[in-house]
Amino acid sequence: MDNKIKAMIYDGNFLRDVAEKLLEKGYRVIAPIKSGNYFIFREIDNPERISLNFINTKKSAKEFLFPQNEGLIRYREWIEEILLDSKKRAIIGIRPCDAKAITLLDEVFLKGFKDPYYEARRKNTIIIGYACNETGDYCFCSSLGLSPHETEGMDILVTNLGDRNYLEVITDKGDEIIGLFDVKEVTDEDGKRKHELERKAVESTTRKIVSDMKDVLVNNFNSDYWRKVAFNCIGCGTCTFLCPTCFCFDMLDEGEKEGIRYRAWDSCQFPLYTLESSSHNPRREKWQRLRNRFYDKFLYTVESKGKVFCVGCGRCISDCPAGVDITEVMNGLLKEVSE
Amino acid sequence: MDENTLKKLKEKCREMLKEDVEVIIVYTRKESEPKEILTVIESPDEIEKITLSPLSANNPAKHLIHELKNRSGKIGVVAKGCDSRAIKQLINEGKIDRERVHIIGISCPGIIDYRKLITKFKPSEVKKVTLSGDTVLVQTVNDEQRIPLDKLIYENCLYCTHPTPQEYDSLLGEVREGRRDFSDIEELEKMSQEERWNYWIGELEKCIRCFACRNACPFCYCTECLVDPTDLAISPMSPAEEKASYPRFLGKTVNAQDNLFYHLLRVIHHAGRCVGCGECERACPMDIPLRKLERKLEKEVIEVFGYIPDGDVPFLARLDILPEKETTSGR
Amino acid sequence: MSESCDRSNQLDQFEPKIIAFACNWCSYAGADLAGTSRIQYSPNVRIIRVMCSGMVNPAMILYAFRKGADGVVVAGCHPGDCHYNVGNYYAKKRIVLLKEMLDFIGFESDRLKLLWASAAEGKKFAEEMIDFVEKIRRLGPQKKMLSIPYRI
């Protein structure tokens, strides 16, 4: 699939121009804008509002494929309406780690049982990414085998070479869009500059994580290490809600004679997450719930889907109120075990 | 918060561990960045881990309750002015046993907003942050920079009423005066009703209902929270109808009105109890100005009821307090 | 008033929905007395009997607004006369603070009313209700805190 990547050069600001073109064609364009002290994805109607001066946005882009509140069915005496959303959307300016996270969400929602709501949104969404020419202090995608110029999960990847943009077209959907623009051939110098930028971005990454922890995790489930690590944790849901790959949800009904059944983001850090109907709660203590998060990301998903469910965006580290750090926890476990 | 205080703190901790204290809750530095977190030390060889700097932001009160439950001996804790007030209020509410706690009070000049710091420096390049008088000394890998404290201080610390702890067993640092200042609340009150509504809806639209504010607050300890019950009172014998019809004031819908419901309710429960530690605003990942709501409540409790939140009897239980004068909005 | 005379269709006029939490011992008995004495007052008021005005939680009041109530009344015994001695003091503190906070966030705090009515004051209860309904009718329908997911 990746042999088909075509590269070309665009003179100008591709992301702004493609936003304009897609708005004309009736797409809902979602792009990063500055809001207060941070950047966030929003549906825009004016391409001038797009701001690309960031390492990464505060929230990930998963809320456009898997919203925090999604109506499933509306009911009166019986099911009135199944609320599938097939609007055409384009997510522009997404970073490679978040786009890779979307492919991980595809593993959950599209393999095996196909989730019709996710499928309707995913089929009608175009993803145009923006490569990282510098990495932040919280980024660690390269330790997980990803690159700041990764193309997986995108239709088009845009790299900023200064006065021009280097475009990589990955899918047929991307091809159609490129057809609307005038593009040039890639010269050797362009290729060299792009590789230089990629190399510099990878080398500037200061944070590292040991990701192949399967055996260590299996053998240390009952270790006291997890109680120590959880001393600080306050048990909120910040890490799970900002994480681009966390996908747990709860389903609730609201309304009596007529109402709506909707699903909402849930967090494994909330105590009610594993409360069973018999009133038994297998993860009653906070340290058990914190331990579950690391195990789910680095062991359980590896066992069931073959992939580590972490893309190295670092949001859980920068926004954790208590200072729980996924890289320090995993590296610390390895150190503790080897002592 | 300077080098001198840190040295004295380390000595004090060494003394305490030799005497009667089982563990001490102290601040320590994270490995990968200069942020400080709380940790527990049990033996004198962990003394070197202790740090104390203008980045020591976390409030140890909730962790203290947790440790008191899990251990049987005496527990020491390093507490700034606001932390000490929180511990005192928790003692009044019966959550902490005063006999089992040894409080090392630190007189605090104000805490640095970490998010402001990392707009000026790259975290991995900062080696050390210390305070010298009113200046913050930031030592990076290249050089040392001096920044006045009020360029980096938390907005909440500007309105601190008790920088020097009032409940302590030992006190370090020079005594400071606090002040009560509601000028920013008064600014907001001057806006028209529509402007105020638009301001709050705009801010609360950002909320993702992660409950970091509730979990970080020392006084949100109800196990059956009104909006998100953490400990439903069901048993294996509860019938299905009871479980299905459990009252739910708020579901998981996340929109500006429901977020308003949650935040307003949370703040009302802190009438007369909030000590102003600012953990709620610091914990919020979306930078919502939660302290403004709490301080408005504090202002009303003081101005309408004449009650200064320092007493031993909880505000709501004081029967001699009824509104002394007309409410500030004349209702 | 001439407007309502011109209108032939009475249903055009906005009918507010008022929820009243009335304490069992005094104000609910007062409302009952208004009923047995055949004193008319606006049918817009839906009374919920609670044991004491002190048990009314700000969550219940905000929930009423969330579900579409245009006004909320909390009615209890006069200070000093509470059947449980101090419940109405708690209610007074809570409602005063809640009104201040609602005003601060830009919601019309006039929509919340605290009323002391004893079991013998049937007439007073009815009069206060009529006044309140007219006040809410002038303020108009409450849209700010309204949040019904399936209507959106």
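Just so it is clear, the structure is predicted and the values come from calculations on it, not from any experiment.

1. Structural notes on the environment of D184 of chain B
Right, on to step 1. One can find D184 of chain B in helix α6 (residues 183-190).
Right, on to step 2. Spatially, the C-alpha atoms of D184 of chain B and K35 of chain B are 29 Å apart, while their sequence positions differ by 149 residues.

2. Brief notes about the confidence of the model for chain B
Right, on to step 1. Mean pLDDT over chain B works out to 88, with 94% of the residues at or above the 70 mark.
Right, on to step 2. Under a pLDDT of 50 for its full length, residues 326-331 of chain B has, in the predicted model, eleven contacts with residues more than four places off or in other chains.

3. Observations regarding the interface of chain B and chain A
Right, on to step 1. Taken together, the contact between chain B and chain A spans 38 residues of the former and 34 residues of the latter.
Right, on to step 2. Looking at the side of chain B that touches chain A, the elements with two or more residues in it are β2 (36-41), α8 (212-216) and α11 (279-283) of chain B.
Right, on to step 3. Per-element accounting of the side of chain B that touches chain A gives the leading share, four residues, to β2 of chain B.
Right, on to step 4. For the side of chain B that touches chain A, a count of residues per class yields 17 nonpolar, ten polar and eleven charged.

4. A closer look at the sheet that holds strand β5 (residues 126-132) of chain B
All names here are of chain B.
Right, on to step 1. Strand order in the open sheet formed by three strands is β5-β6-β7, and the pairing between neighbours is antiparallel. Looking along the sheet, the strands with just one partner apiece sit at the ends: β5 and β7 (144-148). Each strand axis lies, on average, 20° off the axis of its neighbour in the sheet, ignoring direction.
Right, on to step 2. Summarising the sheet, strand β6 (residues 135-140) and β7 pair through five bridges and their orientation is antiparallel. Along β7, the bridge assignment pairs L137 with R146.

5. Details of the pairing of strand β1 (residues 18-23) of chain C
Residues and elements named next belong to chain C.
Right, on to step 1. The buried fraction of β1 is high, at six of six residues.
Right, on to step 2. Of the pairings in the sheet, the one linking β1 to strand β3 (residues 71-76) comprises five bridges and is parallel in character. When the sheet's bridge partners are listed, A22 is paired in β3 with A75.
Right, on to step 3. Across six bridges, β1 lies against strand β2 (residues 45-50) in parallel orientation. Bridging across to β2, A22 finds its partner in R49.
Right, on to step 4. In this region the chain leaves β1, passes through helix α2 (residues 27-36) and returns to the parallel neighbour β2; the handedness of that crossover is right-handed.

6. Let's talk about unusual backbone geometry
Right, on to step 1. The backbone phi angle of S279 of chain A is positive, close to 80°, even though this residue is not glycine.
Right, on to step 2. Note on placement: S279 of chain A falls in the loop between β11 (259-265) and α9 (286-305).
Right, on to step 3. Of note in the backbone geometry, D287 of chain B takes a positive phi value of approximately 60° without being a glycine.
Right, on to step 4. If you trace the backbone, D287 of chain B turns up in the loop between α11 and α12 (290-305).

7. Focus on the interface of chain C and chain B
Right, on to step 1. Chain C puts 26 residues into the contact, and the matching count from chain B is 30 residues.
Right, on to step 2. For the side of chain C that touches chain B, the secondary structure elements donating two or more residues are α3 (58-66) and α4 (87-104) of chain C.
Right, on to step 3. Top element by residues in the side of chain C that touches chain B is α4 of chain C. It accounts for twelve residues.
Right, on to step 4. Residues of the side of chain C that touches chain B, tallied by class, amount to 16 nonpolar, three polar and seven charged.

8. A word on helix α5 (residues 122-139) of chain C
All names here are of chain C.
Right, on to step 1. Taking 1.5 Å as the rise per residue, α5 with 18 residues should run 26 Å; its terminal C-alpha atoms sit 26 Å apart, in good agreement.
Right, on to step 2. Residues G122, F125, A126, E128, M129, F132, V133 and I136 constitute the buried set of α5. Axial view of α5: buried residues confined to an arc of 165°, hence all on one face. The exposed residues of α5 that point more than 90 degrees off its buried face are E134 and R138.

Thresholds, definitions, all that
Residues numbered from 1 in each chain as written. Chains lettered and ligands numbered in written order. Predicted model: local features only at pLDDT ≥ 70, side-chain atom pairs only at ≥ 80, totals over all residues. Helix = DSSP H or I, 4+ residues; strand = E, 2+ residues; numbered from the N terminus. pLDDT = per-residue confidence, 0-100. Contact = placed C-beta atoms within 7 Å. Nonpolar A, V, L, I, M, F, W, Y, C, P; charged D, E, K, R; others polar. Pairing = 2+ DSSP bridges. Axes fitted to C-alpha atoms, helices over the stretch in contact; angles between N-to-C directions. Buried ≥ 20, exposed ≤ 12 C-beta atoms within 10 Å, placed from the backbone. Right-handed = clockwise from strand over helix to strand, strands pointing away. Expected span 1.5 Å × (residues − 1). Arc of directions from axis to C-beta.

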